[in-house]
Amino acid sequence: MKKNLLIALLAALLCSSCGEYNKLLKSTDYEYKYEAAKNYFAKGQYNRASTLLNELITILKGTDKAEESLYMLGMCYYNQKDYQTASQTFVQYCNVYPRGTYSELARFHAGKALYLDTPDPRLDQGATYSAIQQLQSFLEFYPNSSRKDEAQKMLFALQDKLVMKEYLSAKLYYNLGNYMGNNFLSCVITAQNALKSYPYTVLREDLSILILRAKYEMAIYSVEDKRADRYRETVDEYYAFKNEFPESKYLKEADRIFNESEKLLK
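Residues numbered from 1 in each chain as written. Predicted model: local features only at pLDDT ≥ 70, side-chain atom pairs only at ≥ 80, totals over all residues. Heavy atoms only, no water.

### As for the packing of aromatic side chains
Cut-off, in case you're wondering: Pairing of aromatic side chains here covers Phe, Tyr and the six-membered ring of Trp, requires ring centres within 6.5 Å, and sorts the geometry by plane angle: under 30 degrees stacked, over 60 edge-to-face, intermediate tilted. Each residue's exposure class comes from its accessible area (1.4 Å probe, protein chains only) as a fraction of the maximum for that residue type: buried when under 20%, exposed when over 50%, partly exposed otherwise.
One pass over the full model with this rule turns up 18 aromatic pairs. When the centroid spacing of 5.7 Å and the interplanar angle of 70 degrees are considered together, the rings of Tyr78 and Tyr83 count as edge-to-face. For the pair Tyr78 and Tyr83, a shared accessibility class is recorded, and that class is buried. Through successive ring pairs, a cluster of aromatic residues spans Tyr71, Phe90, Tyr93, Tyr97 and Tyr102.

Here it is in structure tokens:
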């Protein structure tokens with residue numbers, strides 16, 4: 001009996017809430033709508049808040065309430081994990097209110113929203129480049145921001161994601177070997193370009209051993225008149241690798257490649 005009564009009371013409250021919200025949508029009292037939108041936002045009812053705010057940013061245009069409404073709208077999308085729309089809304093805010101009250105927060109969240117929406121490294125990284133651009137823009141505008149360290153950490157993580165994509169591409173070329181062309185050379189070029197673009201990457205050692213492996217394989221499969229030169233290149237690559245990573249986890253493999261190359265050169 002008590003359970004049925006509780007359910008009935010909850011249903012009545014829900015209907016009352018829905019009825020009140022529907023009346024609010026039809027209302028032309030925009031000050032009231034603005035306060036209601038802020039109240040919904042504070043309660044975490046972002047869907048209702050965003051519906052009201054989308055209307056208010058146009059009607060209240062030219063007032064400080066329109067500025068706050070646009071920023072809150074961005075945060076509604078952000079908190080609902082609609083990161084693409086959130087970022088677009090924050091960028092819109094920065095364009096309309098470049099020196100606005102919330103411009104620092106808007107620029108920060110424009111980048112962070114895209115950061116949270118970046119794809120797996122194996123997929124297209126267009127969104128990752130966009131996130132980097134937004135975060136770099138934030139750091140240029142607010143170099144002394146209290147959010148600077150967080151923005152930089154996100155930038156490093158995004159760069160690592162781009163390097164990982166290059167590493168996976170280089171590894172794929174290596175695994176393809178001589179299938180339909182010299183994929184070992186493509187592996188070397190891809191890995192070297194990644195190291196040039198991101199010299200401090202955490203994958204530096206992994207990219208470097210991949211270059212050594214690929215050069216060794218190129219030497220093995222070379223035509224006779226190029227074989228000696230390619231083994232010499234492999235030996236040179238080995239010394240460069242060992243100098244940079246004297247305690248590498250790949251050292252046994254690198255030593256084997258070196259010994260085989262030296263033996264074949266003699």
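### Examining a nonpolar patch on the surface
As a reminder of what qualifies: Here, patches come from residues exposed beyond 30% relative accessible area and free of salt bridges, joined within 9 Å for like charges and within 5 Å for nonpolar side chains (Val, Leu, Ile, Met, Phe, Trp, Tyr). We get accessible surface area from the Shrake-Rupley algorithm with a probe of 1.4 Å; when it comes to residues, only the shown protein chains can shield them. Every case where a carboxyl oxygen of Asp or Glu lies within 4 Å of a side-chain nitrogen of Lys or Arg is listed as a salt bridge. Helix and strand assignments come from DSSP, with helices taken as H or I runs of at least 4 residues and strands as E runs of at least 2, each series counted from the N terminus.
Together, Leu172, Tyr173, Leu176, Tyr179 and Met180 make up an exposed nonpolar region whose accessible area comes to about 560 Å². When you line up the elements, Leu176 lands in helix 8 (residues 148–176). Of the residues examined, Leu176 reaches a relative accessible area of 35% and is grouped as partly exposed.

### As for helix 5 (residues 83–96)
Inclusion rule: By this rule the span expected of a helix is its residue count minus one, scaled by 1.5 Å. For this quantity, the arc is that covered by the directions from the helix axis to the C-beta atoms. Contact definition: two residues touch when any of their heavy atoms are within 4.5 Å.
Compared with an ideal rise of 1.5 Å per residue, which puts 14 residues at 20 Å, helix 5 spans 20 Å between its outermost C-alpha atoms and is within 8% of the ideal. All of the buried residues along helix 5 are Tyr83, Ala86, Ser87, Thr89, Phe90, Tyr93 and Cys94. One side of helix 5 holds all its buried residues, which, seen down the axis, span an arc of 160 degrees. Opposite the buried face of helix 5, by more than 90 degrees, sit the exposed residues Gln88 and Asn95. In this structure, the buried side of helix 5 is in contact with helix 4 (64–79) and helix 6 (103–116).

### Observations regarding the side chain of Lys161
Selection criterion: The charge count treats Lys and Arg as positive and Asp and Glu as negative. His and the chain ends do not count. Contacts described as polar in this section are N or O atom pairs within 3.5 Å, which, within protein, must combine one atom able to donate a hydrogen with one able to accept it, while residues neighboring in sequence count only if both atoms come from side chains.
Looking at the secondary structure, you find Lys161 in helix 8. This buried residue, Lys161, is left without a salt bridge; Asp120 holds the nearest opposite charge, at 7.3 Å. Within the local environment of Lys161, its side chain forms a polar contact with the backbone oxygen of Pro119, the two atoms lying 3.0 Å apart. Sequence-distant contacts of Lys161, that is, excluding residues within four places in its chain, are made with Thr118, Pro119, Pro121, Gln125 and Thr128.

### Notes on helix 12 (residues 251–265)
For helix 12, built from 15 residues, the straight-helix expectation of 21 Å at 1.5 Å per residue is met to within 8% by its first-to-last C-alpha distance of 21 Å. Along helix 12, the positions that sit buried rather than exposed are Leu251, Ala254, Ile257, Phe258 and Ser261. End-on, the buried residues of helix 12 take up no more than an arc of 125 degrees, which puts them together on one face. Away from its buried face by more than 90 degrees, helix 12 exposes Lys252 and Lys263. Check the buried side of helix 12 and you find it contacts helix 10 (204–220) and helix 11 (224–244).

### Quick word on the pattern of salt bridges
Inspection of the entire model under this criterion finds 13 salt bridges. The shortest N-O distance in the salt bridge between Lys249 and Asp206 comes to 3.6 Å. In this pair, Lys249 sits in the loop between helix 11 and helix 12 while Asp206 sits in helix 10, placing the two residues 43 residues apart along the sequence. Put simply, Glu260 and Lys263 hold a salt bridge, and the shortest N to O gap is 3.5 Å.

### Concerning the packing of helix 10 against helix 11
To keep things clear, this is the line we draw: Structural elements are reduced to axes, namely lines fitted to C-alpha atoms, with helices fitted over the stretch in contact, and the angle between N-to-C directions of any two is expressed from 0 to 180 degrees. Here the word oblique covers every angle except those under 35 degrees (roughly parallel), over 145 (roughly antiparallel) and from 65 to 115 (roughly perpendicular). Two helices that cross are described as forming a left-handed crossing if the nearer one is turned anticlockwise from the farther one by less than a right angle, and a right-handed crossing if clockwise. Gly is placed with the polar residues, together with every amino acid not listed as nonpolar (Ala, Val, Leu, Ile, Met, Phe, Trp, Tyr, Cys and Pro) or charged (Asp, Glu, Lys and Arg).
Interhelical geometry of helix 10 versus helix 11 gives an angle of 160 degrees and a closest axis separation of 8 Å. By the criterion of interaxial angle, the relationship of helix 10 to helix 11 is roughly antiparallel. Crossing hand, helix 10 versus helix 11: left-handed. Here helix 10 contributes Arg204, Glu205, Ser208, Ile209, Ile211, Leu212, Lys215, Tyr216, Met218, Ala219 and Ile220 to the contact with helix 11, which in turn contributes Arg227, Arg230, Tyr231, Glu233, Thr234, Glu237, Tyr238, Phe241 and Glu244. In the contact of helix 10 with helix 11, the residues fall into ten nonpolar, two polar and eight charged.

### Comments concerning the confidence of the model for the chain
To keep it simple, the criterion reads: Confidence scores per residue from the predictor, reported as pLDDT, run from 0 to 100.
Per-residue confidence for the chain gives a mean pLDDT of 90; residues scoring 70 or more make up 93%. Scored below 50 in pLDDT, residues 1–16 shows zero contacts in the model against residues more than four places distant or in partner chains.

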